[in-house]
Amino acid sequence: MKGLTTLTKEARAQSSFEQAGADDEEDLMEKKKEDGEWQAPLWTRGLVVKPDEKQIKSQVRLWGILTALGLALPPVIDYLGRFTWLVCVAQLTFRGMSSEQMDRGGMGMSFNAGGGGGHRKVAFALGFGIWITGLLLIYGLMPAWAKGQRWTGLVAFAMQNLIFGTASCWLQPYKG
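Calculation criteria
Residues numbered from 1 in each chain as written. Predicted model: local features only at pLDDT ≥ 70, side-chain atom pairs only at ≥ 80, totals over all residues. Heavy atoms only, no water. Helix = DSSP H or I, 4+ residues; strand = E, 2+ residues; numbered from the N terminus. Buried < 20%, exposed > 50% of the residue type's maximum accessible area, 1.4 Å probe, protein only. Contact = heavy atoms within 4.5 Å. Core = buried A, V, L, I, M, F, W, Y, C linked by side-chain atoms within 4.5 Å.

### Some words on the overall build of the protein
Logical step 1: A count of helical and extended segments in the protein gives five helices and zero strands.
Logical step 2: Start at the N end of the protein and walk to the C end: the helices and strands fall as α-α-α-α-α.
Logical step 3: With 176 residues in all, the protein has 27% of them scored as buried.
Logical step 4: Within the protein, counting contacts between residues at least 6 apart in sequence, those at least 24 apart form 73% of the total.

### Things to note about the nonpolar core
Logical step 1: Within the largest apolar cluster, 15 residues are counted, with the highest numbers of intra-cluster contacts made by Leu92, Leu126, Ile130, Phe164 and Leu171.
Logical step 2: When residues of this core are traced back to their parent elements, those giving at least two are α2 (53–72), α3 (77–94), α4 (118–141) and α5 (152–170).
Logical step 3: With five residues, the single largest contributor to this core is α4.
Logical step 4: Residues within four places of leucine 92 in sequence aside, it is in contact with Ala123, Leu126, Gly127, Ala167, Ser168, Leu171 and Pro173.

Here it is in C-alpha cells:
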C-alpha cells in the first residue's frame, strides 16, 4: 500500500504541475489575442526564399522552353495548359532539396523524394492554387478586345508560364 500511495502523490504533483503549465500557456495565448498580434500558419514560415542565380537561370530555361513550344506548335497550348501546373508542383516540391535526397539523381521526376511528406502537400496546394488564381487574373484582367482573338491562348499561356516561373523561383515549401 505504501508504494501505491507514493505513486499517487507523485502523480498528483505531476498533474498539478501540468495544470499550472497549461494555465501559463492559456495566459500567453490570451495576451497574444489582447495584443491583436496575428501569427502566420506554420506552413507559411520560410516559404518565400530569394532565388540564387542558378535557380533563376534554370527556371527561365524551363518555362521559356515550354512557352517556345507553345509558340512553335499552337495546337499544343490547350494540352500543355492543362498540365504545366504539375511541372510547377514538381519544381516547388524539389526546390531546396539536395540531389542526394532525391530519387533518380535529382532529376525531379519522382514524387518519392526524401524529406517529410508535408512539403509535398504544400507544393501541390500551392501549384494548384497558383494555376487557378493565375487563370482568373489573366482572363479577368484581359481587355474585352483581346478575348477571342487567334493569339489569345498563346498570350494567356505565356503569362501563365511567367507566373509559374516566378512562383518556382521565389517559393520553397521544403524546409530541409
